[in-house]
Amino acid sequence: FSTVLNSTLFFFQTLVAGDSWGACAIPIVHYRPATFILFSLALVSVNVGLMNLVLASIVDKAAEAREGTKAEQALQRKRQAEQHLEWWYGLMKDVDADGNGLITEEELVLAYNNHQEVRKLLETLTMSKADLVNLFNSMVGPSGEIDSADFIGALHKAQTQDPRMY
């Protein structure tokens, strides 16, 4: 240990490379027992540092995988929303008895009474016939009719809205 370079090389050889621990460090510890604390702390620091490096790599990969899963889930929700809209538009074509693209209160009530799909869907939204009529009346203009796309938008939003938002 005549130079700092030789001491540093010895320390690296013993701790990082794990080379000749017994041959290098034990004689020094016998000569100066207090150096045991130095070697022990250095060895623990290097081992904990390497363990943290490996753990950080594992956690980073897990986080990347989770973000990938979130993106897939968002894409799936978007596809589902598009399918719901298509289904709603098909259903509203059946509800719109005169085919003018506008829905009246009578058409909605008739659809509620005669279409099991409409009733079942509104029940999943916890909407009764009275609630449906109230929703319609709150959205309708002076003509007594509402554009089916506007009504579909309101019902679709109610169906796909995240309940945790409230």
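What you see is a predicted model; the values in this text were computed from it and never measured.

What should I look at first to understand a nonpolar patch on the surface in this one?
The grouping of Val54, Leu55, Ile58 and Val59 at the surface amounts to a nonpolar patch, some 370 Å² of accessible area in total. With respect to the helices, strands and loops of the structure, Ile58 is situated in helix H3 (residues 35-95). With relative accessibility at 51%, the residue Ile58 sits in the exposed group.

For this particular structure, what's the right way to read the side chain of Ser148?
Summarising the element assignment, Ser148 is placed in helix H7 (residues 148-160). Residues contacting Ser148, with those up to four places away along its chain left out, are Met92, Gly101 and Ile103.

What am I meant to see in the nonpolar core here?
Soluble globular proteins tend to bury their nonpolar side chains together. Within the largest apolar cluster, 19 residues are counted, with the highest numbers of intra-cluster contacts made by Met92, Leu122 and Phe151. Elements with a contribution of two residues or more to this core: H3, helix H4 (105-114), helix H5 (116-124), helix H6 (129-139) and H7. The dominant element in this core, judged by the number of residues it contributes, is H3, at 4 residues. When neighbours within four sequence positions are excluded, Phe151 is seen to be in contact with Met92, Leu108, Leu132, Leu135, Phe136, Met139 and Ile146. Residues Phe10, Cys24, Ala25 and Ile28 belong to the second largest nonpolar core, which totals 5 residues.

Honestly, the environment of Ala65 in this entry has me stumped. Any pointers?
With respect to the helices and strands, Ala65 occurs in helix H3. Its relative accessible area of 46% is what places Ala65 among the partly exposed residues. Distance in space between the C-alpha atoms of Ala65 and Leu9 is 41 Å, their sequence separation being 56 residues.

Please clarify how the packing of H3 against H5 should be interpreted in this entry.
The description of two helices packed together rests on the angle between their axes and the distance between the axes. Contact geometry of H3 with H5 gives a least axis separation of 11 Å together with a crossing angle of 130°. Compared by their axis directions, H3 and H5 come out oblique. Both H3 and H5 take part in a crossing whose hand is left-handed. Contacts from Trp87, Trp88, Leu91 and Val95 of H3 reach H5 at Glu117, Val118 and Leu121. The class makeup of the residues in the contact of H3 with H5 is 6 nonpolar, no polar and 1 charged.

Can you help me understand the packing of aromatic side chains in this one?
Two measures describe an aromatic ring pair: the distance that separates the ring centres and the angle between the ring planes. Evaluated as defined, the whole model comprises 1 aromatic pair. Look at Phe136 and Phe151: their rings are 6.4 Å apart centre to centre, the planes differ by 70°, and that puts the pair in the edge-to-face class. Taken as a pair, Phe136 in helix H6 and Phe151 in helix H7 lie far apart in primary sequence, 15 residues in all. Here Phe136 falls in the buried class, since its relative accessible area comes to 1%.

Rules used throughout
Residues numbered from 1 in each chain as written. Predicted model: local features only at pLDDT ≥ 70, side-chain atom pairs only at ≥ 80, totals over all residues. Heavy atoms only, no water. Patch = residues over 30% accessible without salt bridge, like charges linked within 9 Å, V, L, I, M, F, W, Y side chains within 5 Å. Areas by Shrake-Rupley, 256 points an atom, 1.4 Å probe, with all protein chains shown as cover. Salt bridge = Lys/Arg side-chain N within 4 Å of Asp/Glu carboxyl O. Helix = DSSP H or I, 4+ residues; strand = E, 2+ residues; numbered from the N terminus. Buried < 20%, exposed > 50% of the residue type's maximum accessible area, 1.4 Å probe, protein only. Contact = heavy atoms within 4.5 Å. Core = buried A, V, L, I, M, F, W, Y, C linked by side-chain atoms within 4.5 Å. Axes fitted to C-alpha atoms, helices over the stretch in contact; angles between N-to-C directions. Parallel < 35°, antiparallel > 145°, perpendicular 65-115°, else oblique. Left-handed = near helix turned anticlockwise from the far one by under 90°. Nonpolar A, V, L, I, M, F, W, Y, C, P; charged D, E, K, R; others polar. Phe/Tyr/Trp six-rings, centres within 6.5 Å; stacked < 30°, edge-to-face > 60°.

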